[in-house]
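Here is how the chains run, residue by residue.
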Amino acid sequence: MSVVAAKKYPDKLEFAADSIRVNGYLTENSRVTGDEQGKLFEVNDMIIGSVGHVMELSFMQIFARNHKPSAATIESVLDFIVEFYAWAKKKDDTFGRKNSYLIGMGSEIFRVSNSYLVEKINEFSAIGAGQHFALTAMYLDKSPQAAVEIANELCIYCSGPVNVITKNLNTVHI
């Protein structure tokens, strides 16, 4: 019930997320405002965006403070996710793997879906209920922020405001 989009540019990574918070399928929601990041946060040299259950996202925020993949590779991100799920299950035995993630690390973006499917994203990606709208917008050369704004307009399960995190990449000119 939301959308997170990310795009890899030659000089930066840009992530954007909507702010809707719902209780089941009800329209009760509170919107993230101000400096709160909600579904999108930066921690330990990573950008992490997630859609799904708030409990899992909260656990990921705690876990990522002191853990990160050993390298910006599919295998290392998978190890990180496996370690996270084991850690979370020890904290709460009712914990379940329900979320999808977009993770920016170094100059790379990875998508984690279906618990253990880790994919390296070479151009752009989106997750959540509004993902198809966001993917179409980015295919048409819109930024992740614009893509999430479009998803917010077209998908009843997405809502602003839009939160954006941009990571400038160090580029060396020779």
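Residues numbered from 1 in each chain as written. Predicted model: local features only at pLDDT ≥ 70, side-chain atom pairs only at ≥ 80, totals over all residues. Heavy atoms only, no water.

Student: Just to check I follow, could you spell out the packing of helix α3 (residues 131–139) against helix α4 (residues 144–154) for this structure?
Tutor: Two packed helices can be described by the angle between their axes and the distance between those axes. Between α3 and α4, the shortest axis-to-axis distance is 8 Å and the interhelical angle comes to 140°. Classed by the angle they form, the pair α3 and α4 counts as oblique. Relative to α4, the crossing made by α3 is right-handed. Contacts from Phe133, Ala134, Ala137 and Met138 of α3 reach α4 at Pro144, Ala147, Ile150, Ala151 and Leu154. Residue classes in the contact of α3 with α4 are distributed as nine nonpolar, no polar and no charged. (Axes fitted to C-alpha atoms, helices over the stretch in contact; angles between N-to-C directions. Helix = DSSP H or I, 4+ residues; strand = E, 2+ residues; numbered from the N terminus. Parallel < 35°, antiparallel > 145°, perpendicular 65-115°, else oblique. Left-handed = near helix turned anticlockwise from the far one by under 90°. Contact = heavy atoms within 4.5 Å. Nonpolar A, V, L, I, M, F, W, Y, C, P; charged D, E, K, R; others polar.)

Student: What am I meant to see in α3 here?
Tutor: Think of an α-helix as 3.6 residues a turn; residues three or four steps apart then line up on the same face. Residues of α3 that are buried: Ala134, Ala137 and Met138. Taken end-on, α3 shows its buried residues confined to a sector of 95°, consistent with a single buried face. In α3, the exposed residues that point more than 90 degrees away from the buried face are His132 and Tyr139. Buried residues belonging to α3 abut β1 (3–8), β8 (124–128) and α4. (Buried < 20%, exposed > 50% of the residue type's maximum accessible area, 1.4 Å probe, protein only. Arc of directions from axis to C-beta.)

Student: Please explain unusual backbone geometry as it appears in this structure.
Tutor: Keep in mind that most residues, glycine aside, have a negative phi and that most peptide bonds are trans. In the segment running from glycine 160 into proline 161, the intervening peptide bond is cis, with an omega of 5°. For proline 161, the location among the structural elements is in the loop between α4 and β9 (163–168). Non-glycine residue asparagine 114 carries a positive phi angle of around 50°. Relative to the helices and strands, asparagine 114 is located in the loop between β6 (108–113) and β7 (117–121). Looking at asparagine 114, the relative accessible area reads 68%, which means it is exposed. Phi at serine 115 is positive, roughly 70°, even though this residue is not glycine. Its place among the elements puts serine 115 in the loop between β6 and β7.

Student: Looking at this model, I keep getting lost on the environment of glutamate 149. Mind explaining?
Tutor: Along the chain, the position of glutamate 149 falls in helix α4. Among the residues examined, glutamate 149 registers a relative accessible area of 37% and is labelled partly exposed. Sequence separation between glutamate 149 and proline 161 is 12 residues, and the spatial gap between their C-alpha atoms is 8.3 Å.

Student: Even after reading the chapter, I still don't get the packing of aromatic side chains, so can you show me in this structure?
Tutor: Working definition: an aromatic ring pair is given by the centre-to-centre distance plus the angle between the planes. Taken as a whole and assessed by the stated rule, the structure comprises 10 aromatic pairs. Plain terms: the ring middles of phenylalanine 84 and tyrosine 85 are 5.5 Å apart, the flat faces sit at 45° to each other, and that makes the pair tilted. Of the residues examined, phenylalanine 84 reaches a relative accessible area of 0% and is grouped as buried. The interplanar angle of 85° and the centroid separation of 5.5 Å between the aromatic rings of tyrosine 85 and tyrosine 116 together place this pair among those described as edge-to-face. Of this pair, tyrosine 85 sits in helix α2 (residues 74–91) while tyrosine 116 sits in the loop between β6 and β7, placing them 31 residues apart in sequence. (Phe/Tyr/Trp six-rings, centres within 6.5 Å; stacked < 30°, edge-to-face > 60°.)

Student: When you look at the sheet that holds strand β3 (residues 40–43) in this model, what are you seeing that I'm missing?
Tutor: By way of backbone hydrogen bonds, the strands of a sheet pair with one another, either parallel or antiparallel. Pairing is antiparallel in the open sheet, where five strands are placed in the order β3-β4-β5-β6-β7. Each edge of the sheet is formed by a strand with only one pairing partner; in this case those strands are β3 and β7. Direction aside, the axes of adjacent strands within the sheet are offset by 20° on average. Note that β6 and β7 share five bridges and pair antiparallel. Its bridge partner lying in β7, arginine 111 is registered against glutamate 119. Packing against the sheet, α2 makes contact with β4 (46–51), β5 (100–105), β6 and β7, and its axis sits at approximately 130° to β5. (Pairing = 2+ DSSP bridges.)

By themselves these figures say nothing about function.
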